[in-house]
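# Structural characterization, general
The chain contents come next:
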Amino acid sequence: MRHVSRAVSGWGNYPVAQCDVYRPETRADLAEIVARAPQSSLIARGLGRSYGDAALNAGHAVIQSDRLDRLLSFDPEGGVLACEAAVSLAEILDVFLPRGFFFPVTPGTKFITVGGAIAADVHGKNHHRSGSMAASLLDFQLLTARGDVLTCSREENADLFWATLGGMGLTGVILEARLQLRPVDTAAMVVDQEKARDLDAVLERCAESDDDYDYSVSWIDCLARGRSLGRSILLRANHAALEDLPASARAEPYAPQRRLQLSVPFTLPSFTLNPVSVRAFNTGIYHVHRSGRTVRDCDGYFYPLDRVHHWNRIYGRRGMLQYQCALPHESARQGLVEVLEELSSTRRASFLAVLKSFGAASEGVLSFPRPGFTLALDLPYTGPDALAALARLDRIVARHGGNVYLAKDACLDPQLFRDMYPGLERFREIKDKVDPEHRFSSSQARRLGLAEAP
Ligand SMILES: Cc1cc2nc3c(=O)[nH]c(=O)nc-3n(C[C@H](O)[C@H](O)[C@H](O)COP(=O)(O)OP(=O)(O)OC[C@H]3O[C@@H](n4cnc5c(N)ncnc54)[C@H](O)[C@@H]3O)c2cc1C
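Residues numbered from 1 in each chain as written. Predicted model: local features only at pLDDT ≥ 70, side-chain atom pairs only at ≥ 80, totals over all residues.

Backbone torsion omega between tyrosine 14 and proline 15 reads -5 degrees, so that peptide bond is classified as cis. Structurally, proline 15 can be placed in the loop between β1 (3–9) and β2 (16–22). Notably, aspartate 121 is not glycine yet its phi reads approximately 40 degrees, a positive angle. Following the sequence through the fold, aspartate 121 ends up in the loop between α3 (114–119) and α4 (127–130). Phi angles above zero are rare outside glycine, and histidine 438 is one such case at about 50 degrees. (Helix = DSSP H or I, 4+ residues; strand = E, 2+ residues; numbered from the N terminus.)

Let us now look at the domain arrangement of the protein chain. Split into domains, the protein chain comes out as domain 1 (71–184) and domain 2 (188–411). Taken residue by residue, the interface counts 27 residues in domain 1 and 26 residues in domain 2. For the side of domain 1 that touches domain 2, the secondary structure elements donating two or more residues are α4 and α5 (158–164). If you tally residues by element for the side of domain 1 that touches domain 2, the top one is α4, at 3 residues. Each residue belonging to the side of domain 1 that touches domain 2 can be placed in one class, and the counts come to 11 nonpolar, 12 polar and 4 charged. (Domains from an automatic or database assignment. Contact = placed C-beta atoms within 7 Å. Nonpolar A, V, L, I, M, F, W, Y, C, P; charged D, E, K, R; others polar.)

Further remarks concern the site of the ligand. Near the ligand you find 32 residues, and of these Gly46, Pro107, Gly115, Gly116 and Gly169 are the closest. Taken together, the elements giving at least two residues each to the shell around the ligand come down to β3 (42–45), α3 and β10 (173–180). Tallied by class, the residues present in the shell around the ligand amount to 17 nonpolar, 13 polar and 2 charged. (Near = placed C-beta within 6 Å.)

In this section: the environment of phenylalanine 368. Checked against the element boundaries, phenylalanine 368 lands in the loop between β17 (353–358) and β18 (372–380). Phenylalanine 368 gets classed as buried once you count the C-beta atoms within 10 Å, which come to 27. Ignoring sequence-local partners within four residues, the contact set of phenylalanine 368 consists of Asp121, Gly166, Ala326, Asn403, Tyr405 and Leu406. (Buried ≥ 20, exposed ≤ 12 C-beta atoms within 10 Å, placed from the backbone.)

Both faces of the sheet carry side chains from a regular strand, because those side chains alternate between them. Inspection of the sheet shows β1 paired to β2 by 7 bridges, in the antiparallel sense. When the sheet's bridge partners are listed, valine 4 is paired in β2 with valine 21. Remark: 6 residues form the turn of the hairpin made by β1 and β2, two consecutive strands paired antiparallel; asparagine 13 in that turn has positive phi of roughly 60 degrees. With 3 bridges connecting them, β2 and strand β4 (residues 61–64) associate as parallel partners. Counterpart to aspartate 20 in the pairing with β4 is alanine 61. (Pairing = 2+ DSSP bridges.)

On to the packing of helix α10 (residues 329–345) against helix α11 (residues 384–399). In the contact formed by α10 and α11, the axes pass within 9 Å of each other and the chain directions differ by 170 degrees. By the angle between their directions, the pair α10 and α11 is classed as roughly antiparallel. Only Arg392, Leu393, Ile396 and Val397 of α11 make contact with α10, whose side of the interface consists of Gly335, Glu338, Val339 and Glu342. For the contact of α10 with α11, the per-class residue count stands at 4 nonpolar, 1 polar and 3 charged. (Axes fitted to C-alpha atoms, helices over the stretch in contact; angles between N-to-C directions. Parallel < 35°, antiparallel > 145°, perpendicular 65-115°, else oblique.)

Taken residue by residue, helix α2 (residues 89–96) has Leu89, Ile92, Leu93 and Phe96 as its buried positions. An end-on view of α2 places all buried positions within 95 degrees of arc, on one side of the element. Residues of α2 that are buried sit in contact with β6 (80–84) and β7 (101–102). (Arc of directions from axis to C-beta.)

Now for the sheet that holds β18. Overall, antiparallel pairing links the 8 strands, which are arranged β15-β12-β14-β13-β17-β18-β16-β19 in an open sheet. If you trace the sheet from one side to the other, it starts and ends with β15 (292–297) and β19 (403–404), each paired once. Here 2 bridges tie strand β16 (residues 320–328) to β19, and the two strands are oriented antiparallel to one another. Opposite cysteine 325, over in β19, you have valine 404 as the bridge partner.

On to α11, then. When the terminal C-alpha atoms of α11 are compared, their 23 Å separation across 16 residues agrees well with the 22 Å that a helix rising 1.5 Å per residue should span. Buried residues of α11: Ala386, Leu390, Leu393, Asp394, Val397 and Ala398, and no others. Buried residues along α11 cover an arc of 135 degrees about the axis, so they all sit on one side. Turned more than 90 degrees away from the buried face of α11 sit Pro384, Asp385 and Ala388, all of them exposed. For α11, the elements touching its buried residues are β16, α10, β18, β19 and α12 (414–420). Immediately beyond the C-terminal end of α11, within one or two residues, lies glycine 401, with a positive phi of roughly 75 degrees. (Expected span 1.5 Å × (residues − 1).)

Across the 6 residues of strand β13 (residues 215–220), 6 count as buried, placing the element largely inside the fold. The side-chain alternation of β13 yields two buried faces, one formed by Tyr215, Val217 and Trp219 and the other by Ser216, Ser218 and Ile220. Looking at chain direction, β13 and strand β14 (residues 232–239) are connected through 6 bridges and run antiparallel. Opposite serine 218, over in β14, you have leucine 234 as the bridge partner. With 2 bridges joining them, β13 and β17 adopt antiparallel strand pairing. Its bridge partner lying in β17, serine 218 is registered against leucine 355.

Core analysis: the biggest nonpolar cluster contains 137 residues, and Ile63, Ile118, Ile174, Ala177, Leu321 and Leu375 have the highest contact counts within it. Residue contributions to this core peak at 6 residues, all from β16. Shared between two domains, this core holds at least three residues of each, these being domain 1 (71–184) and domain 2 (188–411). Setting aside chain neighbours within four positions, we find alanine 177 in contact with Cys83, Ala85, Val114, Ile118, Leu137 and Phe140. (Core = buried A, V, L, I, M, F, W, Y, C linked by C-beta atoms within 7 Å.)

Okay, structure coming up:
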C-alpha cells in the first residue's frame with residue numbers, strides 16, 4: 001500500500017493541506033486501503049474540482065480514485081449507462097454525444113467524475129426543470145468502512161442512497177453507478193441572450209419565462225451599484241433540433257464546435273485580476289453583449305471556462321474562494337440585494353458571478369439545491385480579510401433562510417452550517433450506522449462537525 005505525502009488543494013488552491021495520497025489501481029487495492037491503511041481517516045477524491053477542503057484530509061489519507069474509471073455497459077435503447085465512479089463527464093460526452101446522448105445534469109465544468117457528481121449531488125443550469133444529479137441516478141455500489149459493497153438505490157439501502165447523494169464522500173467510496181442519459185438530436189444549443197438592467201428585472205424575467213427553457217443562467221455584474229445593482233445578461237437555452245442547424249451542418253448533427261463555427265460567450269481577460277481590472281471587465285461584458293438568438297455548440301454554452309485549462313491559476317499562488325449560496329423564493333430578492341451590496345461596498349471583485357433558479361429539492365439529506373435562486377461568485381484569497389468577508393455573506397444568507405454549497409465551501413462556521421442544513425442530525429445517524437468509527441472524514445467534515453476528529 002504505497003502512498004505519497006504531498007500538498008493537496010481543491011480547485012480554488014485554498015486551503016492547501018499535507019495529505020497521504022493513495023492511488024489504487026484496482027478495486028482490490030482500494031478495498032485493502034480502506035481495510036488496512038494505518039491513517040485513522042480516509043476520503044475519496046475525484047478530479048479535485050470542488051473548490052475548498054471537501055476532498056482534502058489534512059494529516060490523513062486521500063484516495064485518488066482516477067484509475068477506477070471503466071465504462072461498464074450501455075443500453076442504447078433506454079440510454080442507461082453503467083460506469084465506474086472515476087469516469088468523467090468529459091469522457092461520457094466524448095463517447096455518447098456522437099451517439100445522441102447527453103449528460104442530463106451538468107455543472108459548469110465537464111472535468112468532474114461521476115463519483116464527485118453524486119457526492120455533491122451536483123446541479124446544472126436546468127435545475128429549475130430537471131433537478132439535481134439525483135434525478136438521473138438509478139443506483140450505485142458503495143464500499144463502506146467495514147469493507148462491505150452495498151447496492152444503494154431508492155428501493156435498496158435507501159437511507160444510504162440519500163445520505164451519499166450530497167454526502168461529500170463521508171459514507172464510503174462510490175465504486176460504480178448506473179445513470180440515465182438524455183437523448184438529444186444534435187450537439188448544439190439554441191441560446192437566447194437578453195440583458196436585464198437590474199436585479200428586479202433579472203428576477204422578473206426568470207420568473208416569467210425560465211420554464212420556456214431547459215437551461216437558464218445569468219451572468220451578473222456583481223460590482224454594479226445603485227440603480228444598476230444586479231444588472232445581468234441572461235443566457236437561456238434549449239437543445240437544438242436538426243432544423244435549428246444551418247443546412248450545411250445537418251448531415252453531422254453531433255459534429256464538434258469547429259464545424260459549426262460557434263463562439264464562447266465572452267473571452268477571458270489576460271490582465272491581472274484586481275478590483276479595478278475586474279470592474280472594467282464586468283462593465284465591458286455588460287455593454288458589449290447584445291440581446292438575440294444564436295446557435296452554439298454545447299461546450300461553448302455549458303463549459304466556457306473549460307477552454308482555458310488551469311484557469312484557476314489566474315488568481316495566483318494564494319488561490320481563490322468560490323462562494324455559492326441558495327436563497328428561498330420569499331427572501332431571495334432581499335438576500336441578494338444584501339449580498340451584492342456587501343460585495344460592492346467592500347470592493348470585493350468577483351471575476352465571474354452567476355445567478356440561477358433552483359426548482360424542487362431532491363431528497364438528498366445534505367443536498368444543496370432548494371427552490372429559489374442561487375448565486376455563485378469567486379473572490380481572490382487575500383488573507384483573513386477574505387474569510388471575514390465570506391463570514392459576513394454567510395450570516396446574511398443564514399438570516400434569509402438560505403444555505404451555502406459544500407462543494408465550494410472552505411470556511412463556513414459549524415454553527416451556521418447546522419442552521420443551514422436541517423438534515424444534519426439524520427445524516428449523522430445514517431453515517432454512525434455505516435461508519436461508527438468515522439473512518440471516512442475530510443478536512444471539511446471535521447471543520448463542520450460532520451465527522452468526529454480521529
Ligand atoms: C469551473 C467549475 C464549475 C462548477 N460548476 C458547478 C455547477 O454548476 N454545479 C455544481 O453542482 N457544481 C459545480 N462545480 C463543483 C463540482 O461539480 C463539484 O465540486 C464536484 O463534486 C467535483 O467533482 P470531482 O470529481 O472533481 O470531485 P472532488 O472535487 O475530487 O471531490 C468532491 C467531493 O466528492 C467526493 N468524492 C469524489 N469521488 C468520490 C467517490 N468515488 N466516492 C465517494 N465520494 C467521492 C469527495 O470526497 C469530495 O467530498 C464546479 C466546479 C468548477 C471547477
